[in-house]
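# What the coordinates show
For reference, the chains in residue letters:
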Amino acid sequence: MGRGKIEIKRIENSTNRQVTYSKRRGGIMKKAKEITVLCDAQVSLVIFSSTGKMSEYCSPSTELVKILDRYHKNAGVQKLWDAKHEHLSNELERIKKENDSMHIKLRHLKGEDINSLHPKELIPIEEALENGLACVRSKQMQCLKTLKKNERSLEEDNRRLSYILQHQQQLAMDVNVREMDHGYHQREREYHPQMPFAFRVQPIQPNLHQNK
């Protein structure tokens, strides 16, 4: 039983539409390559998806620009691209002139090629140099202030660390002294009970009662 005829209309489901686009695009690309090989034809194919993604194919024996030129000549629409090309050409010429002018101004700021300049033309160059020099000096002062600020911060950190180190050293010394005192008193308490004798005071003068 044969397949029913598919009605050609926009696919509403976005997922199905993307799947169908991918399959049909691959098929038409395959056909373009086949006709190029089988028939020695020059084929150019450009496809844009609904999201703006471009897919293209061009026969290896030619280029897209050459095929477009042949199309313009054969279709009688040679003026199709003239306006856009003219606009691009004018834009490129304008950019080139601006670039050349900037190079000349840069050379003048460097003090080069200024012998032919009129004295009035030297005034804006002098002003630009003075403004640039003022900006450079301002930036240097800003950097110097930042360096001094960092230096003061480092000095404060160094003093704080030195204080902490001295405090820790003093604490360690106090602990050692307390341990030494504790050890001395402990040894003293252990020494006294071990004394095996006692002193008895004897009179130096004879007993006068006995002589009587």
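Residues numbered from 1 in each chain as written. Predicted model: local features only at pLDDT ≥ 70, side-chain atom pairs only at ≥ 80, totals over all residues. Heavy atoms only, no water.

Under an unreviewed UniProt entry, the name given to the protein is PISTILLATA-like protein, and the source organism is Magnolia stellata. The UniProt entry for the protein carries the following comment under Subcellular location (unreviewed entry): "Nucleus". (UniProt positions renumbered as here; feature names shortened; annotations may be inferred.)

### Description of the pattern of salt bridges
Enumeration over the complete set of coordinates arrives at seven salt bridges. For Asp100, the salt bridge identified is with Lys96, shortest N-O distance 3.3 Å. Placement of the pair is Asp100 and Lys96 together in helix H3 (residues 82–109), with a separation of four residues, close to one helical turn. Across the pair Arg107 and Glu112 runs a salt bridge, and its minimum N-O distance is 3.4 Å. (Salt bridge = Lys/Arg side-chain N within 4 Å of Asp/Glu carboxyl O. Helix = DSSP H or I, 4+ residues; strand = E, 2+ residues; numbered from the N terminus.)

### Side note on the pairing of strand S1 (residues 44–48)
The side-chain alternation of S1 yields one buried face, formed by Leu45 and Ile47, and one unburied face, formed by Ser44, Val46 and Phe48. Across five bridges, S1 lies against strand S2 (residues 54–58) in antiparallel orientation. Bridging across to S2, Ile47 finds its partner in Ser55. What sits between the antiparallel neighbours S1 and S2 is a turn of five residues, in which Gly52 has the positive phi angle 95°. (Buried < 20%, exposed > 50% of the residue type's maximum accessible area, 1.4 Å probe, protein only. Pairing = 2+ DSSP bridges.)

### Points about helix H1 (residues 14–39)
With 26 residues, H1 ought to run about 38 Å at 1.5 Å a step, and its terminal C-alpha atoms sit 37 Å apart, in line with that. Where H1 is concerned, the buried positions are Met29, Ala32 and Thr36. Its buried side turned inward, H1 meets S1 and S2. Near the N-terminus of H1, the side chain that reaches the backbone nitrogen of Thr15, with its oxygen 3.0 Å away, is that of Asn13. Following H1 by one or two positions, Asp40 adopts a phi angle in the positive range, close to 55°. (Expected span 1.5 Å × (residues − 1). Contact = heavy atoms within 4.5 Å. Polar contact = N/O pair within 3.5 Å; in protein donor to acceptor, adjacent residues only side chain to side chain.)

### Side note on the side chain of Ser49
Considering the arrangement of structural elements, one finds Ser49 in the loop between S1 and S2. You can call Ser49 buried: its relative accessible area is 12%.

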